[in-house]
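# Report on the structure
Okay, here's what each chain looks like letter by letter:
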Amino acid sequence: PILEAFGNAKTVYNNNSSRFGKFIQLHFSQHGNIQGGRVTDYLLEKNRVVHQNPGERNYHIFYALLAGVSGEQKESLSLSEPEAYRYLNQSGCVTDENLNDLDMFSKVMTAMKVMDFSTEEIRDIFKLLSGTLHLGNVEFMTAGGAQVTTKVVLNIASDLLGLDAFQLSEVLTQRSMILRGEEISSPLTVEQVTDSRDSLSMALYSQCFSWLISKINTKIKGKENFKSVGILDIFGFENFQVNRFEQFNINYANEKLQEYFNKHIFSLEQLEYNREGINWEAIDWMDNAECLDLIEKKLGLLALVNEESRFPKGTDNTLLEKLHSQHMSNHYYVKPRVTDHQFGIRHYAGEVLYDVRGFLEKNRDTFRDDILNMLKDSRLDFIYDLFERVCSRCSEETLKMGTQRRRPTVSSQFRDSLHSLMATLSTSNPFFIRCIKPNTEK
């Protein structure tokens, strides 16, 4: 219930869609007794926290929180109805007759008690979620640079998150950096400030989600000498009216898993039939290795997206030009005739056009150091701990690699975790479950 509330959402196709991939292992002793387990997560869809498509919802937990907390708690968290929050009302859908938010809240609270969450931890998670909702309602206007117009909302958000309101306002509206030992501040536009605010909200939620996974793993961990049975529950192939960076990564994962499926169901099975001398008719199947090469080989789509993300002057348009010029002749690459901001891939499961707008920004995951440092100063121990880990990890990597260490991009982190998953799967004996993909009527 915890992972479902924090990681699932209502989408066009599915009222309870997992917006993250997961590999759940059950650990067994040599005698066949369950000793424990482990959850490994893949690519939470962070962008959903700040934006949803029409008819979709944010993560279940936000609606469950608003439906389930007592009147007294609601008052202390300054909460009202879902319609009042930009992060929940923009899609035009806050309720669904098939979803019971109050029931979900009750199940999450029970599960948290079973998992030994302390009263303080639950209170701090509620503060983080409420603070995130209020952050989404902070508005700005241009006055020689962007200025906060909703001071009361900013004060509520900063109070819930244990931050200094003035410092939060400054960090959102100005970019600070150290240049030759001196701190330089430059004002931001309203568009840049809105991105800063959304970046902060996504970071709060995704760090909280990672913490939940770690907390659960600590409680269900078994002894180390085990065999395991696992279930991989990972994104289905996606092809919406508009497909963005998230769909690109999700469909890359699908393409990779399809290759694994092909290898086991077609290649290895047919070898086995030959070995056993079974009389059979060869099945002609489509190999998707070339499509994967287009995505992940040297100078492939991933490499070009990462390269352009590192150029200060790189834009989504310059990326698109590079993709076209490098891959236009590839059979699996599609250059649309009419649109000026799309490219396509002929995937195993069908052709998908991707809208390149926002690709570089999402791939860079521009979570600025000054925002990170402010969160490290939070009076709330929970938030301090979430971001202290991020900071120390960055510093350790910088020390190891020298000061020129670049932060890994989102797509390169995802590629590495996907390769690690494939390595785990290659040591397993797989069984496949065919799922029926729902239509828009669900």
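All values derive from a computational prediction rather than experimental measurement.

Reading the values: rules and limits
Residues numbered from 1 in each chain as written. Predicted model: local features only at pLDDT ≥ 70, side-chain atom pairs only at ≥ 80, totals over all residues. Heavy atoms only, no water. Helix = DSSP H or I, 4+ residues; strand = E, 2+ residues; numbered from the N terminus. Rg over C-alpha atoms; globule rule 2.2 N^0.38 Å. Buried < 20%, exposed > 50% of the residue type's maximum accessible area, 1.4 Å probe, protein only. Areas by Shrake-Rupley, 256 points an atom, 1.4 Å probe, with all protein chains shown as cover. Lys, Arg positive; Asp, Glu negative; His and termini not counted. Charge placed at Lys NZ, Arg CZ, Asp CG, Glu CD. Expected span 1.5 Å × (residues − 1). Arc of directions from axis to C-beta. Contact = heavy atoms within 4.5 Å. Salt bridge = Lys/Arg side-chain N within 4 Å of Asp/Glu carboxyl O. pLDDT = per-residue confidence, 0-100. Core = buried A, V, L, I, M, F, W, Y, C linked by side-chain atoms within 4.5 Å. 1 Å grid on protein atoms, 1.4 Å probe; cavity = no way out; pocket = protein on both sides within 12 Å on 5 of 7 lines; lining within 4 Å. Points joined across faces, edges and corners; volume = space filled by probe spheres on them. Nonpolar A, V, L, I, M, F, W, Y, C, P; charged D, E, K, R; others polar. Axes fitted to C-alpha atoms, helices over the stretch in contact; angles between N-to-C directions. Parallel < 35°, antiparallel > 145°, perpendicular 65-115°, else oblique. Left-handed = near helix turned anticlockwise from the far one by under 90°. Pairing = 2+ DSSP bridges. Patch = residues over 30% accessible without salt bridge, like charges linked within 9 Å, V, L, I, M, F, W, Y side chains within 5 Å.

Time to look at the overall build of the protein. From N to C terminus, the protein includes 17 helices and 12 strands. Relative to its length of 442 residues, the protein is compact, with a C-alpha radius of gyration of 23 Å against a globular reference of 22 Å. Projected onto its principal axes, the C-alpha coordinates of the protein cover approximately 75 × 55 × 50 Å. By the burial criterion, 46% of the 442 residues in the protein qualify as buried. Approximately 23400 Å² of the protein is accessible, and the part contributed by carbon and sulfur atoms is 50%. Distance from the positive charge centre (50 side chains) to the negative charge centre (59 side chains) of the protein: 3 Å.

The next subject is helix H5 (residues 101-114). End to end, H5 covers 20 Å across 14 residues, agreeing with the expected 20 Å (1.5 Å per residue, within 8%). Here H5 has its buried residues at Asp101, Met104, Phe105, Val108, Met109, Ala111 and Met112. For H5, the arc enclosing every buried residue in end-on projection is 165°, short of the 170-degree limit, so these residues lie on one face. H5 presents Leu102, Lys113 and Val114 as exposed residues on the side facing more than 90 degrees away from its buried surface. In this structure, the buried residues of H5 make contact with helix H1 (2-7), helix H2 (60-68) and helix H6 (119-136).

Another aspect to go through is the pattern of salt bridges. Applying the stated rule across the entire model yields 25 salt bridges. One salt bridge in this structure joins Lys362 and Glu246, with 3.3 Å as the shortest N-O distance. Taken as a pair, Lys362 in helix H14 (residues 359-364) and Glu246 in helix H10 (residues 245-276) lie far apart in primary sequence, 116 residues in all. Each of the salt bridges in this network shares a partner with another, and the network as a whole consists of Arg19, Glu45, Arg48, Glu56 and Glu238.

This prediction gives the protein a mean pLDDT of 90; 96% of its residues lie at or above 70. Under a pLDDT of 50 for its full length, residues 392-404 has, in the predicted model, 4 contacts with residues more than four places off or in other chains.

Mapped onto the fold, Gly7 is located in helix H1. Residue classification places Gly7 among the buried positions, given a relative accessible area of 0%. Note: C-alpha distance between Gly7 and Asn58 (51 residues apart in sequence) is 9.8 Å.

In terms of nonpolar packing, the biggest core is built from 76 residues, with Phe6, Phe62, Ile125, Leu375 and Phe387 touching the most fellow members. A total of 12 residues in this core trace back to one element, the largest contributor, which is helix H9 (residues 190-220). Those residues in contact with Ile125, other than ones at most four positions away along the chain, are Phe6, Met112, Phe117, Cys208, Trp211, Leu212 and Phe382. Ala253, Leu301, Leu323 and Leu360 belong to the second largest nonpolar core, which has 38 residues in total.

This part is about the layout of surface pockets. Estimates place the volume of the second largest pocket at around 1900 Å³. Leu232, Ile234, Phe235, Ile433 and Cys435 are, among the 44 residues lining the second largest pocket, the residues nearest its centre. Of all elements in the fold, only strand S2 (17-18), strand S3 (21-28), strand S9 (227-233), H10 and helix H17 (410-426) reach the threshold of two or more residues within the lining of the second largest pocket. With 7 residues, the single largest contributor to the lining of the second largest pocket is H10. Among the residues forming the lining of the second largest pocket, the class breakdown is 22 nonpolar, 16 polar and 6 charged.

This part is about the packing of helix H8 (residues 165-173) against helix H15 (residues 369-376). The contact between H8 and H15 brings their axes to 9 Å, and the two run at 165°. Overall, the two elements H8 and H15 adopt an arrangement that is roughly antiparallel. At the point where H8 passes H15, the crossing takes the left-handed sense. Seen from H8, the contacting residues are Gln167, Leu168 and Val171; seen from H15, they are Asp370, Ile371 and Met374. Here the contact of H8 with H15 is built from residues that sort into 4 nonpolar, 1 polar and 1 charged.

With respect to topology, 3 strands assemble into an open sheet ordered S10-S11-S12, the strand pairing being antiparallel. With one partner strand each, in any of the chains shown, strand S10 (333-334) and strand S12 (350-355) form the two edges of the open sheet. With 2 bridges connecting them, S10 and strand S11 (residues 342-347) associate as antiparallel partners. Pairing of Val334 across the sheet is with Gly344, part of S11. On top of the sheet, helix H11 (residues 289-296) reaches S10 and S11; it is set at about 150° to S11, its chief contact.

In this section: a nonpolar patch on the surface. A cluster of nonpolar side chains, contributed by Leu26, Ile34 and Val229, occupies part of the molecular surface with about 270 Å² of accessible area. Structurally, Ile34 is set in strand S4 (residues 34-42).

On to unusual backbone geometry. Not every positive phi belongs to a glycine, and Leu43 is a case in point at roughly 45°. Among the secondary structure elements, Leu43 is positioned in the loop between S4 and H2. Taking the relative accessible area as the measure of exposure, Leu43 reaches 23% and is therefore partly exposed. Its identity as a non-glycine residue notwithstanding, Lys442 has a phi of 60°, on the positive side. Take Lys442: it is sitting in the segment after H17.

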